[in-house]
Amino acid sequence: MADTLPSEFDVIVIGTGLPESIIAAACSRSGQRVLHVDSRSYYGGNWASFSFSGILSWLKEYQENSDVVNESPAWQEQILENEEAIVLSRKDKTIQHVEVFCYASQDLHEDVEEAGALQKNHASVISGSPTEAAHSAYLPSEDESLCTVSCEMPTEQTPSSDLEPALEINDVEVTGEKEKRYDDKTCVKSASEEETSENVPTAEDTALPPKKNRITYSQIIKEGRRFNIDLVSKLLYSRGLLIDLLIKSNVSRYAEFKNITRILAFREGRVEQVPCSRADVFNSKQLTMVEKRMLMKFLTFCMEYEKHPDEYKAYEEITFSEYLKTQKLTPNLRYFVLHSIAMTSETACNTVDGLKATKNFLRCLGRYGNTPFLFPLYGQGELPQCFCRMCAVFGGIYCLRHSVQCLVVDKESRKCKAIIDQFGQRIISKHFLVEDSYFSENTCSHVQYRQISRSVLITDRSVLKMDSDQQISILTVPGEEPGTFAVRVIELCPSTMTCMKGTYLVHLTCTSSKTAREDLEPVVQKLFTPYTETEIENEEVEKPRLLWALYFNMRDSSDVSRNSYNDLPSNVYVCSGPDCGLGNDNAVKQAETLFQLICPNEDFCPPPPNPEDIIIDGDSLQSETSEFSVIPEANSETPKESTSLGNPEEASQ
């Protein structure tokens, strides 16, 4: 395969996370020759999404701590006298303290495996406590089958090319073609059948044999392709930088989105819904009429707080929580504004930051629904792949399972001139973008990283039952002790195409102070109860039952200064991994900043050309038509998309 790669590019990107994928797309769109490589067998890096057996494969890789590829010993011979090498790491050390717990009954006598998955081996899984039985999990012996081979665009992970109009916000989800992609043994149904049978669990669906409401681990394995488990849990602000970029670049045509339907709060041991829109406030039974007026007055002020500096200038040095007390808001209202609208904690931000966060929340309301947030169908891992597809459309070359041994630096100019890959091929380039996790310990010896605590849960019902069981919720649980951080909880229903029918996928995230389990387990215990046989018999269990849990710590390199890395050449740029924030603004800002360094004065991800504007010479009409045939097809929906994107805002106004 190495012989088929060109020996020279304008930009080489190492790592397929969201910032790297955006930069690769932008560079390719501006006419740069782009090579995009990743040593992993899947797109997205720490932004990826996996099926259930895929996440078990990923876990096994970290438990074994094995190299992704074998080193080619010949690369040192290619370093000349006037050159030196920056050796890249072949182990990903961004994930730590991985712990898995299985609470669902196992039915080990059944020989069950996920449809389309590879043969699985048994491996021990840590039990939650001495009183909990230690079960075994099926771990695939090789990379999960959805991973693509090198130099190919995403197939299993990425939606098909004939996708629906961009940034389509779905109330009733996906047709049979996408269903077929995730389960080869599932019959393809019509869209009308899917609406009723696929995405809305009926009483018959949730009453699984042999006991009512009994969900077994074997069943989760068998339906594993229904799951799309994100390594990083984020949402898209409807007026955030990523949504603007998706619309501007027309990359949104490769993805579909769903509204977050409700915002929740956890108070006095109870989960309750937070009124956030004007209609919600006035329809709320939780607030008195006086509180409703007070809240509307304060939120109106937040929308235009910059025009009234006298109202907050004197309070700039105090926390937002203290400032709210000066506004004569009741404890009820202060709690809602602080934790569910500004989404911060008692000590986390000052007055100005709190007002900015509140304004950002309010200005995003009403664009695509009653909450400010959208979620991509099939998970956050779809987004890097959307930008990878755009890069490939404009000529970018992709290689997965393709590691880079080192960067080659010229001693005189102190600039990087080439890479040497796993096959010993030397590939020249002008610019190099490297994801932080690829640097060795020598390069990162002075870097101080923060950590993110993450947990992924599979549960049998929502944390707040309502008439509709297809709710997508976000909940902030404040830290109880000084020095602990608020925990963000995002609960996804089956209509997001991230979990099987009759289950919910729950993501918990906070800034780490200890291990992920120590940080997050207290919140898990407040909201859920382990799934045991005794509780199965009890039909009136108060909390949702926990079927499966994963805890891990992820490196947060988002605030690392470039100067912290040792002796990086000026044409080597560092891309950070995911941060702990709810949105994706940091990734977009980083991508645009680095793009402007590489391609100054170029437009960042402009819209693709209109097919009607492409001028083709008469002599080569046939060949060029075939060369650009993918672009007219991909953009034929553009006028329609612009109209549909305008409608939600017109309606809200």
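Remember, it's a predicted structure, so these values are computed and weren't measured experimentally. (Residues numbered from 1 in each chain as written. Predicted model: local features only at pLDDT ≥ 70, side-chain atom pairs only at ≥ 80, totals over all residues. Heavy atoms only, no water.)

*Asks:* Even after reading the chapter, I still don't get the overall build of the protein chain, so can you show me in this structure?
*Replies:* Broken down by element type, the protein chain carries 19 helices and 26 strands. Evaluated residue by residue, the protein chain yields a buried proportion of 57% over its 653 residues. Nonlocal contacts in the protein chain, meaning residues at least 24 apart in sequence, comprise 76% of its contacts between residues at least 6 apart. Accessible surface computed for the protein chain: about 27,600 Å², of which carbon and sulfur atoms make up 49%. (Helix = DSSP H or I, 4+ residues; strand = E, 2+ residues; numbered from the N terminus. Buried < 20%, exposed > 50% of the residue type's maximum accessible area, 1.4 Å probe, protein only. Contact = heavy atoms within 4.5 Å. Areas by Shrake-Rupley, 256 points an atom, 1.4 Å probe, with all protein chains shown as cover.)

*Asks:* It is not clear to me how the sheet that holds strand β1 (residues 11-14) should be interpreted in this structure. Could you clarify?
*Replies:* Within a beta sheet, neighbouring strands are joined by backbone hydrogen bonds and run either parallel or antiparallel to one another. Ordered by their spatial adjacency, five strands build an open sheet running β15-β2-β1-β19-β26, and the pairing between neighbours is parallel. The sheet is open, and its two borders are formed by β15 (397-399) and β26 (572-575), each paired with just one other strand. On average, each strand axis in the sheet is inclined to that of its neighbour by 15 degrees, with strand direction left out of account. Of the strand pairs in this sheet, β1 and strand β2 (residues 34-37) are connected by four bridges, and their pairing is parallel. Within the sheet, the bridge partner assigned to Ile 14 lies in β2 and is Val 37. (Pairing = 2+ DSSP bridges. Axes fitted to C-alpha atoms, helices over the stretch in contact; angles between N-to-C directions.)

*Asks:* I would appreciate a short explanation of the state of the cysteines in the present structure.
*Replies:* Here, disulfide denotes a covalent bond that connects the sulfur atoms of two cysteines. One pass over the structure, following the stated rule, counts zero disulfides. Of all cysteine sulfurs in the structure, the one in Cys 580 sits closest to Cys 510, which takes part in no disulfide; the separation is 6.6 Å. (Disulfide = S-S within 2.5 Å.)

*Asks:* Can you help me understand the sheet that holds strand β18 (residues 426-428) in this one?
*Replies:* With antiparallel pairing, the four strands of this open sheet are ordered in space as β4-β16-β17-β18. Single-partner strands in this sheet number two, and they are β4 (83-87) and β18. Here the average twist between neighbouring strands, direction ignored, is 30 degrees. Sheet topology places strand β17 (residues 416-421) next to β18; three bridges connect them, and they run antiparallel. The partner of Ile 419 across the bridge, within β18, is Ile 427.

*Asks:* Would you explain the packing of helix α11 (residues 331-341) against helix α12 (residues 351-364) in this entry?
*Replies:* Orientation of α11 relative to α12, taken along the N-to-C sense of each, is 75 degrees, at an axis distance of 10 Å. On the basis of the axis angle, α11 is roughly perpendicular to α12. Here α11 contributes Val 337, Ser 340 and Ile 341 to the contact with α12, which in turn contributes Ala 357, Thr 358 and Phe 361. Each residue belonging to the contact of α11 with α12 can be placed in one class, and the counts come to four nonpolar, two polar and no charged. (Parallel < 35°, antiparallel > 145°, perpendicular 65-115°, else oblique. Nonpolar A, V, L, I, M, F, W, Y, C, P; charged D, E, K, R; others polar.)

*Asks:* Help me understand the side chain of Thr 216 in this model?
*Replies:* On the secondary structure map, Thr 216 appears in the loop between α5 (203-206) and α6 (217-222). Within the structure, the side chain of Thr 216 is placed 3.1 Å from the backbone nitrogen of Gln 219, a separation counted as a polar contact. (Polar contact = N/O pair within 3.5 Å; in protein donor to acceptor, adjacent residues only side chain to side chain.)

*Asks:* Is there a simple way to explain the packing of helix α7 (residues 241-249) against helix α16 (residues 585-598) in this structure?
*Replies:* Between two packed helices, the angle of one axis relative to the other and the distance separating the axes together describe the packing. Running from N to C, α7 and α16 point in directions that differ by 55 degrees, and their axes come no closer than 8 Å. Taken together, the axes of α7 and α16 lie oblique to each other. Across from Leu 241, Leu 242 and Leu 245 in α7, the residues of α16 making contact are Asp 585, Val 588 and Lys 589. Considering only residue class, the contact of α7 with α16 consists of four nonpolar, no polar and two charged.

*Asks:* For this particular structure, what's the right way to read the packing of aromatic side chains?
*Replies:* How two aromatic rings sit relative to each other is given by the distance of their centres and the angle of their planes. Evaluation of the coordinates by the stated rule reveals 17 aromatic pairs. Centre to centre, the rings of Phe 52 and Phe 227 are 5.9 Å apart; their planes meet at 50 degrees, and the pair counts as tilted. Residue Phe 52 is located in helix α2 (residues 52-64), and its partner Phe 227 is located in the loop between α6 and β9 (229-230); the two are separated by 175 residues in the primary sequence. You can call Phe 52 buried: its relative accessible area is 0%. The class for Phe 227 is buried, based on a relative accessible area of 0%. Consider the rings of Phe 320 and Tyr 323, whose centres lie 6.3 Å apart with planes at 20 degrees: the pair is stacked. Highlighted residues: Phe 320 and Tyr 323, both in helix α10 (residues 320-326), separated by three residues, approximately one helical turn. Using a relative accessible area of 0% as the deciding quantity, one classes Tyr 323 as buried. Three or more aromatic residues link up through ring pairs in this structure, and these residues are Tyr 42, Phe 50, Trp 58 and Phe 552. (Phe/Tyr/Trp six-rings, centres within 6.5 Å; stacked < 30°, edge-to-face > 60°.)

*Asks:* It is not clear to me how the side chain of Glu 491 should be interpreted in this structure. Could you clarify?
*Replies:* Tracing the backbone through its elements, the reader meets Glu 491 in strand β22 (residues 487-492). On the accessibility criterion, Glu 491 (2% relative accessible area) is buried. Of the polar contacts made by the side chain of Glu 491, one reaches the backbone nitrogen of Val 463; its length is 2.9 Å. In this structure Glu 491 touches Arg 262, Arg 461, Ser 462, Val 463, Gln 471, Ile 472, Ser 473, Tyr 504, Leu 505 and Val 506, once residues within four positions along its chain are discounted.

*Asks:* Can you walk me through the pattern of salt bridges in this structure?
*Replies:* Side-chain pairs of opposite charge can arise where the charged atoms are in close proximity. Enumeration over the complete set of coordinates arrives at 25 salt bridges. Of the charged contacts in the structure, one is a salt bridge between Asp 10 and Lys 430, with a shortest N-O distance of 3.4 Å. Pair noted here: Asp 10 is in the segment before β1 and Lys 430 is in the loop between β18 and β19 (431-435), with a separation of 420 residues, a long-range link. Close ionic contact of Glu 322 with Lys 325 constitutes a salt bridge, the shortest N to O distance being 3.5 Å. (Salt bridge = Lys/Arg side-chain N within 4 Å of Asp/Glu carboxyl O.)

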